[in-house]
Amino acid sequence: MKKYLFSLVFAFSALAMLNGCIVSEQKLTDKVQAAIVDDEQSKGKTLEVTEFSLGDKTGKNYQGVLKGKLDGKEVVYDVKVTDEGDDFDVDWTLRP
């Protein structure tokens, strides 16, 4: 009975941690996307995001791609994110 109870508690704990990671990644995705859009807006440009993914995670780092329309022209940005938990660093480069 103790093994069963321990297994059940472990399974719920793992599920809760997994769910927490998914929510955190979604929040990070939203914040990074907003930062890029806000930066372009501060330059007097309009960026409409059509697709964005943080991509693969290696340690604390993500390498993703953002696709959209910058002042009506199709654009692609390479995005690098370092997730520090409550804070993040992001660099993006517009592909030629």
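Look above for the structure.
Quick caveat, the model's predicted, so the values are computed rather than measured.

Here's the deal with the overall build of the protein chain
Turning to step 1, where the next piece is worked out: In terms of regular secondary structure, the protein chain is built from one helix and four strands.
Turning to step 2, where the next piece is worked out: Reading the protein chain from its N terminus to its C terminus gives the helix and strand order α-β-β-β-β.
Turning to step 3, where the next piece is worked out: Buried residues in the protein chain amount to 20% of all 96 residues.
Turning to step 4, where the next piece is worked out: If you sum the accessible surface of the protein chain, you get close to 7,300 Å²; carbon and sulfur atoms cover 55% of it.

What to know about the sheet that holds strand β3 (residues 73-83)
Turning to step 1, where the next piece is worked out: The four strands lie next to each other as β1-β2-β3-β4, forming an open sheet whose pairing is antiparallel. A single partner strand is all that each edge strand has here, and the edge strands are β1 (47-58) and β4 (88-94). Direction aside, the axes of adjacent strands within the sheet are offset by 20 degrees on average.

With respect to the pattern of salt bridges
Turning to step 1, where the next piece is worked out: The full count for this structure, using the stated rule, is four salt bridges.
Turning to step 2, where the next piece is worked out: Measuring nitrogen to oxygen at the nearest pair gives 3.3 Å for the salt bridge that ties Lys43 to Asp39.
Turning to step 3, where the next piece is worked out: Exposure remark for Lys43: the relative accessible area of 52% places this residue in the exposed category.
Turning to step 4, where the next piece is worked out: Asp39 sits in the partly exposed class, given a relative accessible area of 25%.
Turning to step 5, where the next piece is worked out: Between Lys60 and Glu84 there is a salt bridge whose closest N-O contact spans 3.5 Å. Taken together, the residues Lys60 in the loop between β1 and β2 (61-70) and Glu84 in the loop between β3 and β4 connect sequence positions 24 residues apart.
Turning to step 6, where the next piece is worked out: For Lys60, a relative accessible area of 49% gives the class partly exposed.

Topic: the nonpolar core
Turning to step 1, where the next piece is worked out: Leu28, Val32, Leu47, Leu66, Tyr77, Val79 and Val81 are the most contacted members of the largest nonpolar core, which totals 15 residues.
Turning to step 2, where the next piece is worked out: Mapped by element, the contributors of at least two residues to this core are α1 (2-42), β1, β2, β3 and β4.
Turning to step 3, where the next piece is worked out: With four residues, β3 is the single largest residue contributor to this core.
Turning to step 4, where the next piece is worked out: Not counting residues up to four positions away in its chain, the partners in contact with Leu28 are Leu54, Tyr62, Val81, Asp83 and Phe88.

Conventions adopted
Residues numbered from 1 in each chain as written. Predicted model: local features only at pLDDT ≥ 70, side-chain atom pairs only at ≥ 80, totals over all residues. Heavy atoms only, no water. Helix = DSSP H or I, 4+ residues; strand = E, 2+ residues; numbered from the N terminus. Buried < 20%, exposed > 50% of the residue type's maximum accessible area, 1.4 Å probe, protein only. Areas by Shrake-Rupley, 256 points an atom, 1.4 Å probe, with all protein chains shown as cover. Pairing = 2+ DSSP bridges. Axes fitted to C-alpha atoms, helices over the stretch in contact; angles between N-to-C directions. Salt bridge = Lys/Arg side-chain N within 4 Å of Asp/Glu carboxyl O. Core = buried A, V, L, I, M, F, W, Y, C linked by side-chain atoms within 4.5 Å. Contact = heavy atoms within 4.5 Å.

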